[in-house]
Amino acid sequence: MFFLKKIFWIARNTFTEAARQKFFSFLLLLGAGLTAVSLSLTHFDFGDSELKFIADFGFGGIFLFGSVLAVVTTVQLFFTEIENRTALTMLAKPVRRGEFLFGKFLGVWCLLGVFVALMCGVLAAVLALRAGTLAEVAGARGLPPPFVDFGGLAVFGVLQWARLGIVAAMTVAVSSFAQTYLYAVVVSFVALIIAQLQYVFADFASGEKVSFGVKALAGTATKLIPNLQLFNTGEALVFDPAGLSAAAIGCALGYGVIWIAALVFVGMWFFRFREI
Amino acid sequence: MSEENRIPAIEIENLTKDFRVGMRGVKLRAADSVSFRVEQGEVFGLLGPNGSGKSTTLKIILGLLRPTSGSCRIFGKNSADVAVRSRIGFLPEAPYFYGYLSGRELVKYYARMSGVPAEKIDECTEDALALTGMTDAAARRVKTYSKGMLQRIGVAQAMVHDPDLVILDEPTAGIDPIGSAEIGDAIRAMKSRGKTVVLCSHLLGQIEELCDRVAIMNRGKLVVAGTLDEVLTQRGKQLAVIGAGTQLTPELVEKLRERDGLNIESVSHPRISLERYFLENLKRK
């Protein structure tokens, strides 16, 4: 059980360090501000889609700023430990490299959880505010109030946390062998973009007018790259009365957890052989 | 002496470490067939100029690097074994710690990492802080510490789990002579508690004062290893100390040369070192 305690304390320390960084507060304020600003766009008449428009701001903010936070914070915390030699002090204790790396990842992932929760909170507040006004208007016109599922928003938040966990785990895997800060950031962002476009490879793999070689290549890429588009469930969870089935949500979460585990394992493998 | 005590704290045999550098992977040999042993309870100095292979050797001892060939055993166990590190305390060169933690929080954090039982963490932390004279500053954030205080809190984190082997890499780098002497006192205290200390330092005076044995490395190779007497005594020369009241004038020296055939190379007055003067007159009460 000692290894779990060590991982817990490393994660806690990483979380504290990350949460005190100005970068986290800056991105949080920027994302929340952007979501709140969407309220001021209500003088444009978007009709029924107004709430979706506001939600899109929020969803986009969570993914965009969350991804930037996941990549930059992970790389920063990892390289700071190596450059400042705090990693030397830590690894000279009875701490395995895998425990150290996993603890660092968990700390960042917890921070991302706080980020997503706060962003979803702001989005929920903005949606509730506007939905209330629109419900009054709709009532005066004898129309049904707009549908917003706040429980669905909470589920969406959990799925985004899993999605950002994959991004952080990808960054951990890249950082484990990268020799410079810049390289780790650039490669991680490239990996993020590729994962975001994974469906393109899937399309190629299933395309009929594609050569066998391209098909095989695209098929392999599909298996080696996580599909981040799978987590674009905001509209279905928040605005569709039918929502998503528990099985679909469970599958998406499971998919996220498996990818996180695989990527962190890759990171641990590379870090095992790294000379620091 | 028990069987356990007879096992060397560190035993290095034919240790070689090559690094691959650059795009072409050119081989750079940082340690070349290095062999030495450090017995339990002694203060051992590892010396050498920059780039001599000291840090590489230390990292292999700590299990942070894998040797290309050769072996390194700590208390009889392979240095790559993580469990053996619970018996080691390490202070890296120019240490940097989490600035947002207080000194006490930092030492507690490392105590937890070292496997100190939860019920003993507070006691061990206070002991380590007291040993290094950091109790008064323990509530302050580490980022407000001076260089000397950083070194001392570094020694505290290295000592918090009461290790049997303490490795200090340049513990006095950048510290004033008084702070340096305090670290020297801490090392003496460790020795008196039966700890084995490996000291890497460029302050040769301090090494001379503290170490029982030394090893000197250069360009990755071990140049010499042994007690200070073995390494420093110049058997081919003798030094006579003339007591007060006898004036050793140039004429007298000339007479001694001519009459008795003494080979007197130079005559000088004994003097204390500046460091000693500084310590005797300015040391904190």
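Rules used throughout
- Residues numbered from 1 in each chain as written.
- Chains lettered and ligands numbered in written order.
- Predicted model: local features only at pLDDT ≥ 70, side-chain atom pairs only at ≥ 80, totals over all residues.
- Heavy atoms only, no water.
- Helix = DSSP H or I, 4+ residues; strand = E, 2+ residues; numbered from the N terminus.
- Buried < 20%, exposed > 50% of the residue type's maximum accessible area, 1.4 Å probe, protein only.
- Contact = heavy atoms within 4.5 Å.
- Areas by Shrake-Rupley, 256 points an atom, 1.4 Å probe, with all protein chains shown as cover.
- pLDDT = per-residue confidence, 0-100.
- Buried area = accessible area lost by both parts, 1.4 Å probe.
- Salt bridge = Lys/Arg side-chain N within 4 Å of Asp/Glu carboxyl O.
- Patch = residues over 30% accessible without salt bridge, like charges linked within 9 Å, V, L, I, M, F, W, Y side chains within 5 Å.
- Pairing = 2+ DSSP bridges.
- Phe/Tyr/Trp six-rings, centres within 6.5 Å; stacked < 30°, edge-to-face > 60°.
- Lys NZ or Arg CZ within 6 Å of the ring centre and 35° of its normal.

Trainee: How do you make sense of the overall build of chain B when you look at a structure like this?
Mentor: Helix and strand counts for chain B stand at 10 helices and 10 strands. Across the 285 residues that make up chain B, the buried fraction comes to 46%. When contacts within chain B are restricted to residue pairs at least 6 apart in sequence, long-range pairs at least 24 apart make up 65% of them. Just so you have it, chain B exposes about 15,300 Å², and 50% of that area is on carbon and sulfur atoms.

Trainee: I keep staring at the confidence of the model for chain B and nothing clicks. Help me out?
Mentor: If pLDDT is low for a region, its predicted coordinates should not be looked at in detail. Summarising the model, chain B shows a mean pLDDT of 86, and 91% of its residues fall at 70 or more. When pLDDT is averaged over each element of chain B, helix 3 (residues 103-113) of chain B comes out on top at 95 and helix 10 (residues 274-282) of chain B at the bottom at 63.

Trainee: When you look at the side chain of Asn 13 of chain A in this model, what are you seeing that I'm missing?
Mentor: As for its position among the elements, Asn 13 of chain A is in helix 1 (residues 2-19). Non-local contacts of Asn 13 of chain A, meaning those with residues more than four positions away in its chain, are made with Tyr 98, Tyr 100, Leu 101 and Tyr 109 of chain B.

Trainee: It is not clear to me how the interface of chain A and chain B should be interpreted in this structure. Could you clarify?
Mentor: Size of an interface: often given as the accessible area lost when the parts come together. If you look at the interface, chain A gives 26 residues, while chain B gives 29 residues. For the pair chain A and chain B, the summed buried surface comes to about 2,700 Å²; carbon and sulfur atoms form 59% of the total. Counting every contact that joins chain A to chain B gives one salt bridge. Between Lys 17 of chain B and Glu 275 of chain A there is a salt bridge, and its shortest N-O distance comes to 2.4 Å.

Trainee: Can you walk me through a nonpolar patch on the surface in this structure?
Mentor: Residues and elements named next belong to chain A. On the surface, Phe 177, Tyr 183, Val 266, Trp 269, Phe 270 and Phe 273 cluster together into a nonpolar patch covering about 580 Å² of accessible area. Along the chain, the position of Phe 273 falls in helix 11 (residues 246-273). By relative accessible area, which is 44% here, Phe 273 ends up partly exposed.

Trainee: What should I look at first to understand the sheet that holds strand 1 (residues 10-21) of chain B in this one?
Mentor: Spatially, four strands are ordered 2-1-4-5 (chain B) in an open sheet, and the strand pairing comes out antiparallel. Since the sheet does not close on itself, it has two edges, and those belong to strand 2 (26-38) and strand 5 (77-78) of chain B, each with one partner.

Trainee: Could you clarify how one ought to interpret unusual backbone geometry in this entry?
Mentor: Glycine aside, residues mostly have negative phi, and peptide bonds are mostly found in the trans state. A positive phi is found at Arg 85 of chain A, a non-glycine position, where the angle reads about 70°. Structurally, Arg 85 of chain A is set in the loop between helix 3 (50-83) and helix 4 (86-91). Using a relative accessible area of 31% as the deciding quantity, one classes Arg 85 of chain A as partly exposed. One non-glycine residue, Ala 94 of chain B, lies in the positive phi region at around 45°. Mapped onto the elements of the fold, Ala 94 of chain B is located in the loop between strand 6 (88-91) and helix 3.

Trainee: Explain the packing of aromatic side chains here, please?
Mentor: Aromatic rings in a pair are described by how distant their centres are and how their planes are angled relative to each other. Tallied over the full model, the rule gives 19 aromatic pairs over all chains. Chaining the aromatic ring pairs together yields one cluster made of Phe 78, Phe 79, Phe 100, Tyr 181 and Phe 271 of chain A. Against the face of Phe 19 of chain B rests Lys 17 of chain B, its NZ or CZ located 5.3 Å from the ring centre. One Lys or Arg, Arg 112 of chain B, reaches over the ring of Trp 9 of chain A and ends 3.8 Å from the middle of that ring.

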